[in-house]
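Breakdown of the fold
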Amino acid sequence: MKKRLLLPALLLIASTTFAQKAYFQQDVAYDIKVSLDDVKHELNAFETIIYKNNSPDELTFIYMHLWPNAYKNNETALGQQLKEDGSLFFYYADDKDRGYIDSLDFKVNGESVKLEYFEGNIDIGKIILNKPLAPGAQISITTPFHVKLPSGKISRLGHIDQQYQITQWYPKPAVYDKNGWNQIPYLTQGEFYSEFGKYDVYITLPKNYVLGSTGDLIDNPAEEAFIDSNWQATKAITKYDTKDNTFPASSTTLKTVHYHQEHVHDFAWFCDKRYHLLKGEVTLPHTGKKVTTCVMYTNRFANLWKDAIPYVNDALSYYSKWNGDYTYDVCTAVDGALSAGGGMEYPNITVIGSASNALMLDIVITHEVGHNWFYGMLGSNERVHGWMDEGINSANELRYVETKYPNNALVGGVNGSNKLAQKFDLDRYKHRAQYYQLYAYCSRTRTDQPIETHSKDFTSINYGSIMYMKSAIVFDYLRSYLGDSLYDHCFQVYFDKWHWKHPMPEDIRAVFETESRQNLSWFFDDLIKTDKQIDYKIKSVTKPTEITKNQYVVLVKNVGEVNSPVLICGLKDGRVVQSLWFDGFAGEVGLMFPSGDYDAFMIDQPEVIPEVNRKNNTAYTHGLFKKTEPLKIQFVGSLDNPTRTQLFWTPAIGVNKYDFFMLGAAFYNHTVPGKKFEWLVVPMFSTADKSLVGHADAFYHIRPDKVFQDIRFGANLNHYHFYKIHDEDVFEGSAVPDRRLGWLKIAPEINFDFKKSRPRSPISQSVRLRSIYLKTDRISAAYDLLGNPETWVIDYQERTFYEVSYLFENKRKLHPFDVKLTWQTGDFMSKLMLNANYHINIAAKKKIDLRFFAGTFLGKPTSTNDYRFRMSGWSPSGFSNQDYLFDNVFIGRTEQDGVFSHQFAVEDGGFKAYTATGQSDKWLTSLNVTVPIPVKSKALNPFKIYGDFGLYNTTGLGTTTFMYDAGLQITIAPNICDIYIPLIYSKDIKDYNDLNDISFPERIRFRLNLNRLNPFDLLNNIEL
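Since the model is a prediction, treat every value here as computed from it, not as a measurement.

Considerations on the sheet that holds strand β12 (residues 172-173)
The strand order across the open sheet built from four strands is β7-β8-β3-β12, with neighbouring strands paired in antiparallel fashion. Edge positions in the sheet fall to β7 (114-118) and β12, since each of these pairs with one other strand and no more.

Digging into helix α13 (residues 505-516)
In this model α13 runs 17 Å from its N-terminal to its C-terminal C-alpha over twelve residues, within 8% of the 16 Å that 1.5 Å per residue would give. For α13, the set of buried residues is P505, D507, I508, R509, V511, F512 and S516. Tucked into the core, α13 has its buried residues touching α8 (390-404), α11 (460-482), α12 (484-498) and α14 (521-527). Two residues or fewer after α13 comes R517, characterised by a positive phi angle close to 60°.

Quick notes on the environment of N73
Turning to its location among the elements, N73 is positioned in the loop between β3 (59-65) and α2 (77-85). By relative accessible area, which is 29% here, N73 ends up partly exposed. Taking C-alpha positions, N73 is 9.3 Å from A93, a pair spaced 20 residues apart along the chain. At 2.8 Å, the side chain of N73 and the backbone nitrogen of E75 are in polar contact.

Considering the packing of helix α5 (residues 309-323) against α12
One can describe the packing of α5 onto α12 by two numbers: an axis separation of 7 Å at closest approach and a directional angle of 90°. The angle between α5 and α12 falls in the class roughly perpendicular. Of the residues in α12, those touching α5 at K321, W322 and N323 are D488, F491, Q492 and F495. Per-class residue counts for the contact of α5 with α12 are three nonpolar, two polar and two charged.

Observations regarding the pattern of salt bridges
Counted according to the given criterion, the structure contains 48 salt bridges. Across the pair K572 and D597 runs a salt bridge, and its minimum N-O distance is 3.5 Å. Taken as a pair, K572 in strand β27 (residues 566-572) and D597 in the loop between β29 (587-594) and β30 (600-603) lie far apart in primary sequence, 25 residues in all. For K572, a relative accessible area of 30% gives the class partly exposed. One salt bridge in this structure joins R778 and D795, with 3.0 Å as the shortest N-O distance.

Examining the environment of W269
Here W269 is to be found in strand β19 (residues 269-272). Residues W269 and L211 lie 58 residues apart in sequence; the distance between their C-alpha atoms is 7.1 Å. Those residues in contact with W269 that lie beyond four places of it in its chain are V34, L36, L43, Y164, Q165, I166, W169, I203, L211, G212 and S213.

About the cut-offs
Residues numbered from 1 in each chain as written. Predicted model: local features only at pLDDT ≥ 70, side-chain atom pairs only at ≥ 80, totals over all residues. Heavy atoms only, no water. Pairing = 2+ DSSP bridges. Helix = DSSP H or I, 4+ residues; strand = E, 2+ residues; numbered from the N terminus. Expected span 1.5 Å × (residues − 1). Buried < 20%, exposed > 50% of the residue type's maximum accessible area, 1.4 Å probe, protein only. Contact = heavy atoms within 4.5 Å. Polar contact = N/O pair within 3.5 Å; in protein donor to acceptor, adjacent residues only side chain to side chain. Axes fitted to C-alpha atoms, helices over the stretch in contact; angles between N-to-C directions. Parallel < 35°, antiparallel > 145°, perpendicular 65-115°, else oblique. Nonpolar A, V, L, I, M, F, W, Y, C, P; charged D, E, K, R; others polar. Salt bridge = Lys/Arg side-chain N within 4 Å of Asp/Glu carboxyl O.

And the structure:
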């Protein structure tokens, strides 16, 4: 029985699968009448949608995108994403800056229907049909609607004063395709997927607005004359007043303009009474069709935009040549108040944000115009498969720049490299380097993500570095491998087959594999769907012999994770003599290369392969060190140059109270992107002690695939001076002139950074293990037989400490916090400390800072004053070395008088008022609070109010003591330099000040956190 049923069952499964996968596409036709109220910044409209069900399914409801509701409150998907990305303007926005859509009254074929909202997403509606919509049938959906326009500072829809960008503004059916409904909330990071259809939109607004829109202007001689008048006036302008951006009064007369377009999946319009307008025309390469082009701009960037018509024309020409001709009659670029990226695309029209120069304006216009292909005429689901839109478009953008500006360099602009580029060893980098370098930075740190990642799941940096940049370079890699002719043929077939439709990843893959007759799994499976890395390495080169048929044997090993094609180049005097592509492979393969006059072989000399490591790509045919690159000594720094062994240097200057000025140089190998092994040596000459001081460190990175994001181990070494012997320090007849006491610190450590639960998670965890060896000079008295001091003895003290710390950080932008637990032991001391920081946001750029500290000694109390907990943080204090691990940078480490004695580090209790009381050899706990002054004034931004509260107990103290202080904080540089003016104290602090006759100016202290200025730490700590 089972055997007899098996074949019918398989046929049923196959037929069901075929039915599910059969392509269909719904038809939508819009008729929208909308009016703009430029006083209230509102839209009032009525919409009619003819919706035809071309699916094989009966529909009982239709999802409707109501995207203006994304701007209504902080709980929307947009609100949550903006908050997660750290943009708090919307979170704290006033009601006047928010937006929404309302006054909806959906009817189907004239009968009211029920509107529901999708799982709490108020920007996704669901209309319940009174009766099912059968396959092949159509319905008429109508509704009035009202849109309160949000501030244009939030995202794409909105206004800045009376400049309007009307996008994602009307009720729109979600896409229903073979995968079901694609109802998606509005997001800034993550774009759209909509049904193709026909649009007739009637826009009513004051007569003097200049309007740019999707579609063709229909039968409106008055508006055509208005546009022509603006065009003629703009052409006559010889000089723009770029400082005049005032809005003229709105006309009291209204106009209605009608735009029509077919085979588009969205409709956007932009208007401003200040717009200048220029028109042009371009002839397409394949069909000879003429397209009208237009740019609209205000005075602000007029000197750039006045030359922008050729940018639109060239974009249409090149994209049409490579991919297939533009199918519409008009194409417009608009200068707008865009906050969501540098530009944003809509059918027939694109809006551009600010541009720094002509080249950047050309590139951004080209990129956005290019979206008329990807995702315009090729309507892929860019929320899920963003690379089919942004990635392929960025590859075209890269090709456009390299074709139009072949000499454009990373540094030096369109004319190629300049002296500055040569000086910093950057003249070798062309335009494509910016795409590769950003990807390489993320890939080397193993923080990259697969190209095929849902848009909302990318980290902010990967949204650009992977979906745009990596996608661009891998498609350019594919083009280099296939050759321009075959590559263009594939895209033109893809365009012919899928324009005005919704292609999926499998569709573009099928076209490329069919037309190229190749298995491209290395591309579509490995490079698109995974974060696997490419890395080929030349192991050796064997010169031609009779056995090798007079060919070179280039032994190449695949040390990467992708078996992708590899390009081998034979070079002579640095120039490529011959190059050959070889199919990808695993392991080691001897590649046969034709004989010739070569002095080196290189993998991918043009650098079209996105290899993660290019340092192992070259082998020389002669010389002692055949795989070692020439040494390049470079001032300051550069990008990682695969053709050089790089050594960087820069002058180094230091200063402290005991070495005075320190002059020297820093030598290092740090580059961008970073290396696995990084080192730094900073020798300096102490002008006071006439000796060598300085700093050195070396660290190696291991980046596993599991558990840990990074394992970093190495050591720091520091040697400076910390005390000068004063006249009052020496006994009569036993002075040691100009003697300074020094310290040496050697601290090996290992750091474990744990992988995040998800890439966008704000939570990070790390563990640090270190050993600290300290050798410090000391001065002590020698006594005679009667016990009287008679001379000074200078020797040294050696101590070793061990430390284990665990750091938990939640770097969310709203109310971030961190907790650090530290155990230290050594020199007969063992202590446990908890340090926590919590930041309460009260405005977009203001927050209350809370710091909590708790510390206790383990075992017996310490007998050494150095290690006591101190309520007043750590200060310079003679030989009582409060910063006993020498972790902080003090200008006057042991000063007790003068300005340098006022520097302190916020450690232990963190009190800003100094007192010698509040020391503990048992336990101490404190709370430090900093509050911004509650007045809206930029002049008061640096000023804050602080308060410190603490409890402690110590040996010999019968009770627990409570202390407090408060005062004014002046921030000079956030987290680096603050000045603290104490105003209120508890009695014991006041008594200490009075007893020691400490004047008010002497009570002022400052924090100077110079550790934060280490440029290499700043680079390593970039939040990805």
